Amino acid sequence: MIFSAIVELDVYSGQANPRWKLDDKICQDVLEEISHLATERTKMPKPAPLGYRGLSVLMDISPSGEREAFYVGGGYVFLRHEGTESVRIDDNRRIEQKLLASGRRTPDKKLGALVSQILQTLGFQGAGILRNAMLTRFQQLIVAMASVMFALSRSLNSLFSAS
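Here the structure is a predicted model, which is why all the values come from computation and not from measurement.

With respect to a nonpolar patch on the surface
Nonpolar side chains collect at one region of the surface, where Leu-152, Leu-156, Leu-159 and Phe-160 lie side by side and expose about 420 Å² of accessible area between them. Mapped onto the elements, Leu-156 comes out in helix H4 (residues 127-162).

Below is the structure:
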C-alpha cells in the first residue's frame, strides 16, 4: 500500500515546478508497469534544457516506510532505489502518459491546462499515442538492424583479411 505519492512536472527553469498528489491505484499501476520494462544499458540522452523535460515521482510506501523515487521522460524511467540506479525503457511512453493524465485531472485548472498542452504537444492525443509507439518501435528496429549489419561487416572483414 502506498502512503503518499507526489508527482512534480519538470517544466520550469527558475521557478517552482507544479506538483500534485497521485492516487494509490495509479501508483500501484505505475509500479507494476515499471517492473515489466526492459533495462537500458546504453548512455542516455540528456533532456532538453528548456520546456517540458519529464516528471519526478516520490512515493512513500506503507507500512514498510520505503521510498521509491524515479524520473520519467523521453521514453525512459530512471530509477533510484537504495543507492542503486537503473534505467528502464518505456518505449510507448505509457507511464509518462499515465502520470501526465493524472495531472490533467487535478482540481487546479491552470495545471490541468498546462498538462493538456504538454500531452497534445507530445502527440499523446488519440492516434498520436499509436504514432509515437510505432515510431519508437521503428527506431528500435533500425538500431537492431544496424547492430546486426555492423557485426556481419566485422565478421566478413575478418574472414577476408584471414585469406
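Some remarks on helix H2 (residues 94-104)
The periodicity of an α-helix, 3.6 residues per turn, causes residues three or four places apart in sequence to face the same way. For H2, a buried count of 8 out of 11 residues is recorded, marking the element as mostly surrounded by other parts of the structure. If you check which residues of H2 are buried, you get Ile-95, Glu-96, Gln-97, Leu-99, Leu-100, Ala-101, Ser-102 and Gly-103.

Section: the packing of aromatic side chains
Summed over the entire model, instances satisfying the criterion amount to 2 aromatic pairs. For the pair Tyr-76 and Phe-78, a centre-to-centre distance of 6.3 Å together with 50 degrees between the ring planes defines the contact as tilted. Chaining the aromatic ring pairs together yields one cluster made of Tyr-71, Tyr-76 and Phe-78.

Criteria and cut-off values
- Chains are numbered independently. Their residues run from 1 in the order of the written sequence.
- In view of the model being predicted, local features appear only for residues whose pLDDT reaches at least 70, and side-chain atom pairs are presented and counted only at 80 or more, with totals across whole chains, interfaces and linings using the full set of residues.
- Side-chain numbers here rest on the full set of heavy atoms in the structure, without hydrogens or water.
- Residues form patches when they are more than 30% accessible in relative terms and have no salt bridge. Like charges link within 9 Å. Nonpolar side chains (Val, Leu, Ile, Met, Phe, Trp, Tyr) link within 5 Å.
- Using a 1.4 Å probe, accessible areas were evaluated by the Shrake-Rupley method; residue-level cover was limited to the displayed protein chains.
- Put simply, a salt bridge is a Lys or Arg side-chain nitrogen that is within 4 Å of an Asp or Glu carboxyl oxygen.
- Each helix is a run of DSSP H or I of at least 4 residues and each strand a run of E of at least 2, with the numbering of both proceeding from the N terminus.
- Only protein chains enter the accessibility calculation, which uses a 1.4 Å probe. A residue is then buried if its area is under 20% of the maximum for its type, exposed if over 50%, and partly exposed in between.
- When the centres of two rings from Phe, Tyr and Trp lie within 6.5 Å, Trp using its six-membered ring, the rings pair. Their planes under 30 degrees apart give stacked, over 60 give edge-to-face, and anything left gives tilted.

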